[in-house]
Amino acid sequence: MPVGYAQSDATFRSIPAELEDAGRILGAGRLRILREITAPLAKSGIIAAWCFIFIGVIRELSASIILFTPSTKVMSVVLFDLKEEGQFGAIAVLGLVMLALTFATVTLVQAVLGRDVLGARE
Amino acid sequence: MPGVSLKGLTRRYGDVAAVQDLSLDVKPGELVALLGPSGCGKTTTLRLIAGFLTPEAGEIWVGDRCLSSPVAVVPPERRRMAMIFQSYALWPHMTVAQNVTYGLRFKRGLSRAERERRVGEMLRVVQLAGYEARYPGELSGGQQQRVAVARALVVEPEILLLDEPLSNLDANLREEMRFEIRRLHEAFGITTLYVTHDQAEAMVISDRIAVLQQGRVLQVGTADELFLEPRTRFVAEFIGKTNLIDGVAVAPDTVACGGLRLRVASAGLEPGARVAVSIRPHQIELVVPPGQGAGAAGTNELRGTVQRASFLGDSVDYQVQVAASDVVLRVAAPTSRRLRPGETVGLRIDPAACVPLADAAE
């Protein structure tokens, strides 16, 4: 939470207020400015922050191990259970799945973001 | 086409009054420059007019609409104004065409085809036809500026506000854009307020100039009026170069400074009062040899010694020590006759060129 908040906050602060003022004076209301100017400009920063948090959360164990219920086991907890049972083959497979999932997500975000940033800046 | 009327505006930041009891009338279709050094409150004034700030006292009227008062402020989007920012504030995620079209989307009863037609026409006016699909990041500074101009003018605003729009351009382009903005103003006739700290820019572009200092309007007038008849020391020094002489009035139309007696362009001075006199360097005539010929009756005839001469290309800048006083006058003289340091010269100054100022030195 704090990390995500700090990063998003920085993103919003980096958007010059004049970009919003320019929209207001031309006739756009606050909500429209948020939707059409602020949000698109903040998008890449927000997604990057989400990506950062996703990587941290998917391998997080310390809080999950206390909070999980049998019906809401997350991957890191399952891995821990398997280790207790000594099933190292399954651990290896699940570990690879987790790795693939993370890589896929990051690659996807990079691809989408990369295009977006190129489109806006080039 | 309405005018703008500012009545006793005040706005503070913390304890500091950025704008203080500021009043100004802009006539319909007029271009008025707000001129002053940084921190004089000119940008705050513009933001008050745009509705981004609420005044603590005073009112803003456009035509017969009261747009701002301490109790009620019409939001910026309903003021029918447009603004051009110092940073241009173009949206980087939109193309040139999208940037320019944006304001038109809030005008009712405009078909898509009509919007496109107006945007195309406006881009031709600012000489950017063919750039519709570019992003702002792909344009040069001057082109970005023209997009900002197009975006503001295409909505046909009642009032146009410009906040130092030329200060990010290089010197050549800036000069070109001055005339460009003046041309567009003459073509569209929109009531315009133009904030700048550059006196030459204000003189070229505006119908009238309001000189601001510490949140107050010191003097409003055409460039000529401010240059030839400054009322205060600040205005005299800010608009062009000048000589300031601090003295004491000895007669209703005469000021003394040491052994120097100057007849000035006023007959209403109170003897004994401290007075500062402003004399423009180019309004002093050098007479060589001293005493030759004769000026009109009542002309100030002084003598002095050239201390320094600097050749400036189109004129020579002399520093002349006036005899029997510690006054050093700067004189801008034609290059046809060159004087050397140490030479004695006569100085002839028309009393009309000696402007007494309201605020003498403390």
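Residue indices begin from 1 for each chain and proceed along its sequence in written order. Each chain gets a letter, beginning with A, and each ligand a number, beginning with 1, in the order they are written. Reporting in this predicted model follows two pLDDT cut-offs: at least 70 for local features of residues, and 80 or more for side-chain atom pairs to be given and counted; totals over whole chains, interfaces and linings ignore these cut-offs and use all residues. Side-chain numbers here rest on the full set of heavy atoms in the structure, without hydrogens or water.

Draft legend 1. Inspection of the pattern of salt bridges at higher detail. All names here are of chain B. The rule for a salt bridge is simple: a side-chain nitrogen of Lys or Arg has to be within 4 Å of a carboxyl oxygen of Asp or Glu. Counted by the stated rule, this structure contains 25 salt bridges over all chains. The partner of Glu-158 in a salt bridge is Arg-65, and the shortest N-O contact between them spans 3.6 Å. Here the residue Glu-158 occupies a position in the loop between helix H4 (141-153) and strand E7 (159-163), and Arg-65 occupies one in strand E5 (residues 65-68), the gap between them amounting to 93 residues. Note that Arg-183 and Glu-180 form a salt bridge whose closest N and O atoms lie 2.8 Å from each other. Highlighted residues: Arg-183 and Glu-180, both in helix H5 (residues 171-188), separated by three residues, approximately one helical turn. Among the residues examined, Arg-183 registers a relative accessible area of 39% and is labelled partly exposed. Whether a residue is buried, partly exposed or exposed follows from its accessible area with a 1.4 Å probe, protein chains only, as a fraction of its type maximum: under 20%, in between, or over 50%, in that order. Given the relative accessible area of 15%, Glu-180 is considered buried. Salt bridges here are not isolated pairs; linked through shared partners, they connect Glu-114, Arg-117, Arg-118, Glu-121 and Glu-156. By definition, any uninterrupted DSSP run of H or I lasting at least four residues is a helix, any uninterrupted run of E lasting at least two residues is a strand, and each is numbered from the N terminus.

Draft legend 2. Seen up close, the interface of chain A and chain B. Taken together, the 22 residues of chain A in the interface contact 26 residues of chain B. Take the accessible area each of two parts loses on contact, using a 1.4 Å probe, and add the two losses: that sum is the buried area. Interface area for chain A against chain B, summed over the two sides, is near 2100 Å², with a carbon-plus-sulfur share of 61%. Together, A:Glu18, A:Ile25 and A:Leu26 form the three largest contributors to the area buried by chain A at its contact with chain B, with a combined 33%. At the boundary of chain A with chain B, the tally comes to three salt bridges. A:Asp21 is paired through a salt bridge with B:Arg47; the nearest N and O atoms lie 3.2 Å apart. What qualifies as a polar contact is a pair of N or O atoms within 3.5 Å, subject to a donor-acceptor requirement within protein and to the restriction that residues adjacent in sequence count only when both atoms come from side chains. One can count seven residue pairs in polar contact (both at pLDDT 80 or more) joining chain A with chain B. For the side of chain A that touches chain B, the secondary-structure elements that each account for two or more residues are helix H2 (17-25), helix H3 (30-58) and helix H6 (88-121) of chain A. For the side of chain A that touches chain B, a count of residues per class yields ten nonpolar, four polar and eight charged. The contact rule is simple, with two residues in contact once any of their heavy atoms fall within 4.5 Å. Note on residue categories: nonpolar means Ala, Val, Leu, Ile, Met, Phe, Trp, Tyr, Cys or Pro, charged means Asp, Glu, Lys or Arg, and polar means any other residue, Gly included.

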